[in-house]
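Below, each chain spelled out in residue letters.
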Amino acid sequence: MTTLLATWDRPGEVAIQSAWKARSQGADLISTLEQGLATAELDENLIAIGAGSVPNSKGIIELDASIMEGREFRSGAVCAVTDIVPVISVARAVMEKTPHVMLAGDRARDFALSLGMKPRDLSTENSRERYAEWLKTQPDVAAYVHASTDKMGDTITMIGLEEGPHVVAASSTSGLPFKLPGRVGDSPIIGAGIYADDEVGAAGATGNGEALWREVASLRAVEAMAHGMTPQQACEHVIRHLIRRQPESLALPSVVFAMNVKGEFGAATCISPFQLWVCRDGEFEMVVFEPISL
Ligand code: ASP
């Protein structure tokens, strides 16, 4: 049995369908998640991942991605990368071809070029229009980022489980809309945006990247499962902790989801509902989680 999870309604559907297609054609678990995220990055209609996503406050699209496998904790990540898609493939190459975990910014871009990837303009008419609109109405970056839930909820974080048991987690995003240039959120940070441990399970996050990073949300969820909680209990434990300890972060939604090595999964969200796609050997289902409070 292969179980795949992917965040959010529309982008999650694109990613999980593509991931399952790869899996059904024989892909290993890492390639399955990479394929799902790469397809979503190349889909210019998805506004928070890859080409056509929402730019930073200077109008430039900067992408973050990460991947981690639970056998030996091998991990790769890139952050603040411009002109390159799919960055999930660059993250995978960092894991497989370098002794490092993360490469950043222009140097990550150089690394991608050294792999033979071609630079391209990631903006689209739609992303340029969004930016022009924002420039007219939102001159204060900090106020906007911290006061708006607009355009959030398209980052894709995925978890995969196969017999072994073996788990992989991966994430790809353009981060918060109109963020300060160089800003990096939770998604490419191992422990914050993703975590995978074959002895326990895996977890992922999406939403308010600063709060989720401070919470080290994914590792916190996996550790909670290691100490006996179900995935649902573990996710609620993390989000309740965030609500209690970081009340100011509640201007934006934060979400954690997790799956244990038995294939049980759960999620918790604050402020707004969260949709999680589940695929068990080609059977697809979208589960909606309502926000919790203390
Ligand atoms: N967590 C992402 C970030 O802060 C954004 C998102 O999940 O929508 O970069």
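Residue positions within a chain follow its written sequence, with the count starting from 1. With pLDDT at 70 or above as the cut-off, local features in this predicted model cover only qualifying residues; side-chain atom pairs require 80 or more to be listed or tallied, and sums for whole chains, interfaces and linings still use all residues. Side-chain descriptors were evaluated using all non-hydrogen atoms of the structure, hydrogens and water having been removed beforehand.

Overview of the environment of Val85
Logical step 1: Runs of E in the DSSP output that reach at least two residues are strands. Runs of H or I that reach at least four are helices, and both are numbered from the N terminus. Structurally, the position occupied by Val85 is in the loop between β3 (75-81) and α3 (87-97).
Logical step 2: When a residue's accessible area, from a 1.4 Å probe over protein chains only, is under 20% of the maximum for its type it is buried; when over 50% it is exposed; and in between it is partly exposed. With relative accessibility at 10%, the residue Val85 sits in the buried group.
Logical step 3: Taking the C-alpha atoms as reference points, Val85 and Ala112, 27 residues apart in sequence, are found 9.2 Å from one another.
Logical step 4: Look past the residues within four positions of Val85 in its chain and what remains in contact with it is Glu41, Leu42, Gly50, Ala51, Leu63, Met117, Arg120 and Leu122. Note on definitions: a residue-residue contact is assigned when non-hydrogen atoms from the two residues lie within 4.5 Å.

Examining the site of the ligand
Logical step 1: In the region of the ligand, twelve residues are neighbours, and Thr155, Arg183, Asp186, Thr206 and Gly207 sit closest.
Logical step 2: The separation between an oxygen atom of the ligand and a polar side-chain atom of Thr155 is 3.1 Å.
Logical step 3: The term polar contact refers here to a pair of N or O atoms within 3.5 Å; inside protein, the definition further demands a hydrogen-donor-capable atom paired with an acceptor-capable atom, and it admits residues adjacent in sequence only when both atoms are side-chain atoms. Taking Arg183, its side chain carries an N or O atom lying 2.7 Å from an oxygen atom of the ligand.
Logical step 4: Considering the ligand on its own, with 270 Å² of exposed area, one finds that the protein chains cover 98% of that surface.
Logical step 5: Residues are sorted three ways: Asp, Glu, Lys and Arg are charged, Ala, Val, Leu, Ile, Met, Phe, Trp, Tyr, Cys and Pro are nonpolar, and all the rest, Gly among them, are polar. Partitioned by chemical class, the residues of the shell around the ligand number two nonpolar, eight polar and two charged. Working definition: residue near molecule or strand if any one of its non-hydrogen atoms lies within 4 Å of it. Calculation of accessible area relied on Shrake-Rupley with a 1.4 Å probe; when residues are assessed, cover is drawn exclusively from the protein chains displayed.

Regarding the side chain of Arg92
Logical step 1: Assignment of secondary structure puts Arg92 in helix α3.
Logical step 2: Once residues within four sequence positions are removed from consideration, Arg92 is found in contact with Asp28, Ile30, Ser31, Glu34 and Ile67.

Considering the nonpolar core
Logical step 1: Leu4, Val78, Ile156 and Met158 are the most contacted members of the largest nonpolar core, which has 42 residues in total.
Logical step 2: The biggest single contributor to this core is α3, with seven residues.
Logical step 3: Leaving out residues up to four positions away in the same chain, Ile156 has contacts with Ala6, Thr7, Pro11, Gly12, Ala15, Leu37, Ala40, Ile49, Ala170, Ser171 and Ser172.
Logical step 4: To form a nonpolar core, buried Ala, Val, Leu, Ile, Met, Phe, Trp, Tyr and Cys residues must be joined to one another through side-chain atoms within 4.5 Å. Within the second largest apolar cluster, 41 residues are counted, among which are Ala196, Ala205, Ala224 and Ile243.

Observations regarding the sheet that holds strand β2 (residues 63-69)
Logical step 1: Two strands are said to pair when DSSP picks up at least two bridges between them. Strand order in the open sheet made by the eight strands is β4-β3-β2-β6-β5-β1-β11-β12, with mixed pairing throughout. Two strands bound the open sheet, and with one partner strand each, they are β4 (102-104) and β12 (283-289). Geometrically, the sheet is characterised by an average inter-axis angle of 10° between neighbouring strands, direction not taken into account.
Logical step 2: Taken together, the six bridges between β2 and strand β6 (residues 166-173) define a ladder with antiparallel strand orientation. Pairing of Met68 across the sheet is with Ala169, part of β6. Working convention: axes come from line fits to C-alpha atoms, limited for helices to the stretch in contact. Angles between N-to-C directions cover 0 to 180 degrees.

Things to note about the packing of aromatic side chains
Each aromatic ring pair is summarised here by two numbers: the centre-to-centre distance and the angle between the ring planes.
Logical step 1: Stacked, tilted and edge-to-face are the three classes assigned to paired rings of Phe, Tyr and Trp, where Trp is represented by its six-membered ring and a pair needs centres within 6.5 Å; plane angles under 30 degrees give stacked, over 60 edge-to-face, the rest tilted. The tally for this structure, following the rule as stated, stands at seven aromatic pairs.
Logical step 2: Here the aromatic rings of Trp8 and Phe274 are separated by 5.0 Å at their centres, their planes lie at 90°, and the arrangement is edge-to-face. Residue Trp8 is found in the loop between β1 (3-7) and α1 (9-24), and its partner Phe274 is found in strand β11 (residues 274-280); the two are separated by 266 residues along the sequence.

A closer look at the packing of α1 against helix α2 (residues 29-42)
Logical step 1: It is the contact of α1 with α2, at a shortest axis distance of 7 Å, that shows an interaxial angle of 140°. Between α1 and α2, the angle is such that the two are oblique. Read as a crossing pair, α1 and α2 show a hand that is right-handed. Taken together, the residues of α2 that come into contact with α1 (itself represented by Val14, Ala15, Ser18, Ala19, Ala22 and Arg23) are Leu29, Thr32, Gln35, Gly36, Thr39 and Ala40. Angle categories: roughly parallel below 35 degrees, roughly antiparallel above 145, roughly perpendicular from 65 to 115, and oblique for all the rest. Crossings are sorted by hand: turned counterclockwise from the far helix by less than a right angle, the near helix makes the crossing left-handed, and turned clockwise it makes it right-handed.

Topic: helix α5 (residues 125-137)
Logical step 1: Helix span is expected to be 1.5 Å times the residue number reduced by one. With 13 residues, α5 should reach 18 Å at 1.5 Å per residue; the first-to-last C-alpha distance of 19 Å fits that figure.
Logical step 2: Of the positions making up α5, those classed as buried are Ser127, Tyr131 and Trp134. For α5, the angular spread of buried residues about the axis comes to 65°, placing them on one side. Residues of α5 that are exposed and angled more than 90 degrees away from the buried face: Glu125 and Lys136. Regarding the arc, it is the one traced by the directions from the helix axis to the C-beta atoms.

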